[in-house]
Amino acid sequence: MSAELDRREAVAALLAGRRDLLVATGLGSASYDVAACGDRAENFYLWGAMGGAAMVGLGLALARPERRVVVVTGDGEMLMGLGALATIAVAGVRNLAIVVLDNRSYGETGAQPSHTAHDVDLAAIAKGCGWERTYTFADEAGVDQLARALHHDAPLFAVIRIAPGEKPRVLPPRDGAFLTQRFRAKLGIAEP
Amino acid sequence: MNTPDWPDQVFAALKRAEVRQIAYVPDAGHARLITRAHEDPSLRAVVLTTEEEGIALATGAWLGGVRAALLMQSSGVGNCINMLSLPANCRAPLLMLVTMRGEWGEFNPWQVPMGQATAPVLRAAGVIVHRATEAGEVAPMVAAAAALAYDSRVSVAVLLSQSLIGAKQFVTKGATP
C-alpha cells in the first residue's frame, strides 16, 4: 500500500472541480479542510451539532433537487449519527453524496481511536442501508474518481482513508446565522 | 373509537404555512398526520431513526429555502437537546409537534420521567413551548406556532396533551397488577 493520504491534499483534490456544489461539513477538521480550499457562500460549516451533518445534507438535498449536495465529515461525526444513513437511503434522494474523512480517531479531543480503528466499516453499513454506490478509497486515484462521481446523479457514500495527525487549523466563519444567511442569499432565497 | 378531526385541521394548518418537509418518528398520536403527509405529493415525508435527525433536517431544508416540521413523542424530546443548538445558532426556524406521554393516566412508568421533563427541558434549551389540551385549540395553536417559528426564526414546540390523545390502553380491565 502507498503512503497514507494527506487530508488537506485529498479534500483539495475532491473539491478541485466543485463548480457550484453545495457543501456541508461536519464539525472539526472536516470544516477546516473544506475552508482550506477557499471559503465560499455555498459552504455551510457545522461547529457543533455533532452527528447532524448528514441530515443537514438531506434536508438541503430535498429542498434543492436541482443541485448537487455533498457532506464532508469525519468518522467520529458520522458514527454519532449512523441512523441517518438508513434515513437518507429510505428518503430516496438522488442528489446527495456523503464523504467521510476517516483518520480512525477523534482528532479534536486527543486522537483517541474511533470505532473505525477497530475495523467498523462505514461503507459496509451504508451499503447495508441501501445506498446505491458505496466506496472506500485510500489513494489519489480513488479520490480523483470520487471527485468526478460527486457530480453524477445518484446517491453516493464514500470513505476516504487519510493519515492521522492534525494539520494547521484554517478556521471558517463560526456564526451560524451569518453562514445561513450567506448560503441562502447565494441561492437567491428572498428574506422577509 | 372516535376519530377527532383535529389532526386533519393540523395538516391543513401546516399546508397553509407552506411546510414542504414533514419528518417524524412514528407515534400513534401522529398517525393520521403521518398518513396525510405521505399521501400528499407536494410534501416530502421523512421517517427518522431518531428525533434529533429531524432537527438537522429542518435546518438543512431552511438552508435550501424550504420549511420543515417535525413530529415526535415526548420521549423523543430528550434525544434532541444538543441538536437544538443548530437552529438556535443559525437563527433557523424549527416547528415541533410533540404528543405527550407520561402525564395523563399513564400506564407505563418508563414514560413518566421524560414526559414530566419535556416542557422544562425544551425551555432550558431555548425552545418556546405551547401546550394544547382541547381539540378545538390545536389547529389554531399550530398555525400560530408556525407563524412564530418561520417568521421570527425561533424554535417552537406544540405539546399535545395526553388527555387530548387519550391514555394508551395496554391491558383489558380486571388485569390490575
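Caption draft 1: Fine view of the overall build of chain A. A count of helical and extended segments in chain A gives eight helices and eight strands. Scaling as 2.2 N^0.38, a compact globule of 192 residues should have a C-alpha radius of gyration of about 16 Å, and chain A matches this with 15 Å. Considering only C-alpha atoms, chain A reaches an extent of 50 × 35 × 30 Å along its principal axes. Of all 192 residues assigned to chain A, the portion counted as buried reaches 48%. Counting contacts in chain A only where the partners sit at least 6 residues apart, residues at least 24 apart contribute 71% of the total.

Caption draft 2: A look at the packing of helix 3 (residues 53–63) of chain A against helix 5 (residues 83–91) of chain A. All names here are of chain A. Remark: helix 3 packs on helix 5, axes separated minimally by 9 Å, with the N-to-C direction vectors making an angle of 15°. Taken as axis vectors, helix 3 and helix 5 run roughly parallel relative to one another. Two packed elements cross with a definite hand, and for helix 3 against helix 5 that hand is left-handed. For the pair formed by helix 3 and helix 5, the contact residues are Ala54, Met55, Leu58 and Leu62 on the first element and Ala84, Thr87, Ile88 and Ala91 on the second. Looking at the contact of helix 3 with helix 5 residue by residue, the class counts come to seven nonpolar, one polar and no charged.

Caption draft 3: Highlighting the packing of helix 1 (residues 6–16) of chain B against helix 2 (residues 31–39) of chain B. Residue and element names in this part refer to chain B. In the contact formed by helix 1 and helix 2, the axes pass within 8 Å of each other and the chain directions differ by 45°. With respect to helix 2, the axis of helix 1 lies oblique. Helix-helix and strand crossings are classified by hand; for helix 1 and helix 2 the assignment is right-handed. Where helix 1 abuts helix 2, its residues Pro7, Asp8, Val10 and Phe11 lie against Arg32, Leu33 and Arg36. Among the residues making up the contact of helix 1 with helix 2, the classes are represented as four nonpolar, no polar and three charged.

Caption draft 4: Examining the nonpolar core more closely. In this structure, Val99 and Ile160 of chain A together with Leu70, Val98, Val142 and Val158 of chain B are the most contacted members of the largest nonpolar core, which totals 116 residues. In terms of residue count, the dominant contributor to this core is helix 3 of chain A (nine residues).

Caption draft 5: Fine view of the sheet that holds strand 5 (residues 128–132) of chain B. Residue and element names in this part refer to chain B. Taken in spatial order, the six strands of this open sheet run 2-1-3-4-6-5, and their pairing is parallel. Each edge of the open sheet carries a strand with a single partner, namely strand 2 (44–47) and strand 5. Geometrically, the sheet is characterised by an average inter-axis angle of 20° between neighbouring strands, direction not taken into account. Each of strand 1 (19–24), strand 2, strand 3 (67–73) and strand 4 (94–99) is contacted by helix 3 (residues 52–63), which is oriented at about 170° to strand 3, the strand it contacts most.

Caption draft 6: Quick peek at the interface of chain A and chain B. Across the contact, 27 residues belong to chain A and 27 residues belong to chain B. The set of elements that each furnish at least two residues to the side of chain A that touches chain B consists of helix 3, helix 5 and helix 8 (176–186) of chain A. Of all the elements, helix 3 of chain A adds the most residues to the side of chain A that touches chain B, at eight residues. Tallied by class, residues from the side of chain A that touches chain B come to 16 nonpolar, nine polar and two charged.

Caption draft 7: Region of the structure containing helix 2 of chain B. All names here are of chain B. Listed in full, the buried residues belonging to helix 2 are Leu33, Ile34 and Ala37. Around the axis of helix 2, the buried residues are gathered within 100° of arc, so they sit on the same side. Next to the buried residues of helix 2 lie helix 1, strand 1, strand 2 and strand 3.

Caption draft 8: How the structure looks around the environment of Ala97 of chain A. All names here are of chain A. Relative to the helices and strands, Ala97 resides in strand 4 (residues 96–102). In the structure, Ala97 is positioned 15 residues away from Leu82 in sequence and 15 Å away in space, judged by C-alpha atoms. When residues no more than four places from it in sequence are discounted, the contact partners of Ala97 are Val70, Leu150 and Leu156.

Caption draft 9: Structural detail: helix 1 of chain B. All names here are of chain B. Listing the buried residues of helix 1 in full gives Trp6, Pro7, Val10, Phe11, Ala13 and Leu14. Each buried residue of helix 1 lies within a common arc of 160° when the element is viewed along its axis, so the set occupies one face. On the buried face of helix 1, the contacting elements are strand 1, helix 2, strand 3 and helix 7 (135–152). Immediately beyond the C-terminal end of helix 1, within one or two residues, lies Glu18, with a positive phi of roughly 65°.

Caption draft 10: Fine view of the pairing of strand 7 (residues 133–137) of chain A. As paired elements, strand 7 of chain A and strand 8 (residues 156–161) of chain A share five bridges and run parallel to each other. From the neighbouring strand, Thr136 of chain A faces strand 8 of chain A, where its bridge partner is Val159 of chain A.

Caption draft 11: Representation of the sheet that holds strand 4 of chain A within the structure. Residue and element names in this part refer to chain A. The strand order 2-1-3-4-8-7 describes an open sheet built from six strands, whose pairing is parallel. The sheet is open, and its two borders are formed by strand 2 (43–45) and strand 7, each paired with just one other strand. Taking the axes of each pair of neighbouring strands and ignoring which way they run, one obtains an average angle of 15° across the sheet. Where strand 4 meets strand 8, six bridges bridge the pair, whose relative direction is parallel. Bridging from a neighbouring strand, Ala97 pairs with Leu156 of strand 8.

Caption draft 12: Representation of the pairing of strand 3 (residues 69–74) of chain A. Residue and element names in this part refer to chain A. Counting buried residues in strand 3 gives six out of six residues, a clear majority hidden from the surface. Across four bridges, strand 1 (residues 22–25) lies against strand 3 in parallel orientation. Paired with Val23 across the bridge in strand 3 is Val70. Here six bridges tie strand 3 to strand 4, and the two strands are oriented parallel to one another.

What counts, and at which threshold
Along each chain, numbering runs from 1 in the same order as the chain's sequence is written. By the order in which they are written, chains take letters starting at A while ligands take numbers starting at 1. Local features in this predicted model are restricted to residues whose pLDDT is 70 or higher, and side-chain atom pairs enter the listing and the counts only when it is 80 or higher, whereas totals over whole chains, interfaces and linings include all residues. Note on conventions: DSSP H or I runs of at least 4 residues are helices, E runs of at least 2 residues are strands, and numbering of each starts at the N terminus. We take the radius of gyration over the C-alpha atoms and set the globule estimate at 2.2 Å times the residue count to the 0.38 power. Backbone-placed C-beta atoms define the burial measure: a residue is buried with 20 or more other C-beta atoms within 10 Å of its own, exposed with 12 or fewer, and partly exposed in between. Here the contact rule is simple: place C-beta atoms from the backbone, and any two residues whose C-beta atoms are within 7 Å are in contact. With axes taken as lines fitted to C-alpha atoms, and helix axes fitted only over the stretch in contact, angles between N-to-C directions fall between 0 and 180 degrees. Roughly parallel means an angle under 35 degrees; roughly antiparallel means over 145; roughly perpendicular covers 65 to 115; every other angle is labelled oblique. Should the near helix be turned counterclockwise from the far one by less than a right angle, the crossing is left-handed, whereas a clockwise turn marks it as right-handed. Each residue gets one label: Ala, Val, Leu, Ile, Met, Phe, Trp, Tyr, Cys and Pro are nonpolar, Asp, Glu, Lys and Arg are charged, and the others, such as Gly, are polar. By convention in this section, buried Ala, Val, Leu, Ile, Met, Phe, Trp, Tyr and Cys residues joined through C-beta atoms within 7 Å make up a nonpolar core. Note on pairing: two strands pair once DSSP finds at least 2 bridges between them. The reported arc concerns the directions from the helix axis to the C-beta atoms and nothing else.

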